[in-house]
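# Descriptive analysis of the structure
One letter stands for each residue in the lines below.
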Amino acid sequence: MKRILLVLIGATLFFSCGESKKEEEKSAEKKVTKKTVVKKQKKEKKPTVIVDENGVANVFISTSDKMKFSTKEINVKPNQKVKLTLTHTGKLDKKIMGHNVVILKQGVKMSTFAAAAAVSKENDYIPESSDDVIVHTKMIGGGESTTIEFTAPAAGEYDFICSFPAHFAMMKGKFIVK
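Now for a quick tour of the structure. Quick caveat, the model's predicted, so the values are computed rather than measured.

Thresholds, definitions, all that
Residues numbered from 1 in each chain as written. Predicted model: local features only at pLDDT ≥ 70, side-chain atom pairs only at ≥ 80, totals over all residues. Heavy atoms only, no water. Helix = DSSP H or I, 4+ residues; strand = E, 2+ residues; numbered from the N terminus. Buried < 20%, exposed > 50% of the residue type's maximum accessible area, 1.4 Å probe, protein only. Contact = heavy atoms within 4.5 Å. Areas by Shrake-Rupley, 256 points an atom, 1.4 Å probe, with all protein chains shown as cover. Arc of directions from axis to C-beta. Patch = residues over 30% accessible without salt bridge, like charges linked within 9 Å, V, L, I, M, F, W, Y side chains within 5 Å. Salt bridge = Lys/Arg side-chain N within 4 Å of Asp/Glu carboxyl O. Lys, Arg positive; Asp, Glu negative; His and termini not counted. Charge placed at Lys NZ, Arg CZ, Asp CG, Glu CD. Pairing = 2+ DSSP bridges. Axes fitted to C-alpha atoms, helices over the stretch in contact; angles between N-to-C directions. Core = buried A, V, L, I, M, F, W, Y, C linked by side-chain atoms within 4.5 Å.

### Looking at the overall build of the protein
- What the protein contains, in helices and strands, is three helices and nine strands.
- Reading the protein from its N end, one meets helices and strands in the order α-β-β-β-β-α-β-α-β-β-β-β.
- Every one of the 178 residues in the protein was classed for burial, and the buried ones make up 35%.
- Counted over contacts in the protein with a minimum sequence separation of 6, partners at least 24 positions apart contribute 71%.
- In the structure as shown, the protein presents an accessible area of about 12,300 Å², 56% of it carried by carbon and sulfur atoms.

Structure follows, in C-alpha cells:
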C-alpha cells in the first residue's frame with residue numbers, strides 16, 4: 001500500500017511539474033509576442049525665422065519657467081525688416097519668472113549689462129541711461145506674448161539675452177546678420 005501511495009504521489013508530482021513548465025513556456029511566449037516597441041514621435045520643430053512674401057523676417061522665440069530660449073541663433077539679413085515674437089509658455093508671473101529678449105550692440109559685455117539691468121526693475125530691467133541696446137521686447141510672464149518690429153542692423157554677430165536678474169547666464173544666443 002505504501003508503494004502504491006508513493007507511486008501515485010510521484011506520478012502526480014511528475015505530471016504536474018511538466019504541465020507547469022509547459023504553461024510557463026506558453027506564458028513566456030505570449031509575453032514576448034505581446035511586447036511592442038513604441039517609438040516617441042519627435043515634435044516637428046517650428047523654424048525660428050520665416051520670411052514672408054514681403055521679405056519680413058518673422059522671428060518666433062518661446063520660453064517657459066525653465067529659463068531657456070527655444071533657439072540660440074537667429075539669422076537675418078542686413079537692413080531686413082524683422083518682426084520678433086516672444087511667447088512665454090510657462091505659468092509663473094513676470095515678477096517671479098519674467099522674460100524678455102534684448103539684442104545688444106556689438107562689443108557690449110553681457111555680464112556688465114546684466115548687472116546694470118538687474119537694478120532697473122522699474123524699467124522692465126532695461127537700464128534707462130544705457131545705449132547698449134539695439135532693441136528689446138517688454139518683460140512678459142507665463143501665458144503672455146509680445147511682438148516688436150525693427151530693422152536689422154549692419155552685418156555682424158550680436159548677443160541677445162533675457163535681462164531679468166540672473167537669467168542672462170542661461171538665456172542667451174546670437175543674432176546673426178549676414
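### A closer look at helix H3 (residues 110–118)
- For H3, the complete set of buried residues consists of Met110, Phe113, Ala114 and Ala117. Looking straight down H3, one finds its buried side chains confined to an arc of 100 degrees; they lie on one side.
- Buried positions along H3 lie against strand E5 (102–104), strand E6 (133–136), strand E8 (156–161) and strand E9 (172–177).

### So, a positive patch on the surface
- Side chains of Lys66, Lys68, Lys72 and Lys172 sit close together on the surface and give a patch of like positive charge.
- Along the polypeptide, lysine 68 turns up in the loop between strand E2 (57–63) and strand E3 (73–76).

### Considering the sheet that holds strand E4 (residues 81–88)
- Taken together, four strands build an open sheet; the order of strands is E1-E2-E4-E7 and the sheet is mixed. Because the sheet does not close on itself, it has two edges, and the strands there are strand E1 (49–51) and strand E7 (145–151). Strand-to-strand, the axes of this sheet are offset by a mean angle of 20 degrees, without reference to chain direction.

### Side note on the nonpolar core
- In terms of nonpolar packing, the biggest core is built from 27 residues, with Ile61 and Phe175 touching the most fellow members.
- Elements represented by at least two residues in this core include exactly E2, E3, E4, E7, E8 and E9.
- Apart from the residues lying within four places of it in its own chain, the contact partners of isoleucine 61 are Phe69, Ser70, Thr71, Ile74, Leu84, Thr85, Leu86, Thr87, Val101 and Phe160.
- Counting nine residues, the second-largest nonpolar core is a separate cluster that includes Val102, Phe113, Ile126 and Ile161.

### Focus: the environment of valine 133
- Tracing the chain through its elements places valine 133 in strand E6.
- For the pair valine 133 and glutamine 106, spaced 27 residues apart in sequence, the C-alpha to C-alpha distance is 9.4 Å.
- If sequence neighbours within four positions are ignored, valine 133 has contacts with Val102, Ile103, Leu104, Lys105 and Phe113.

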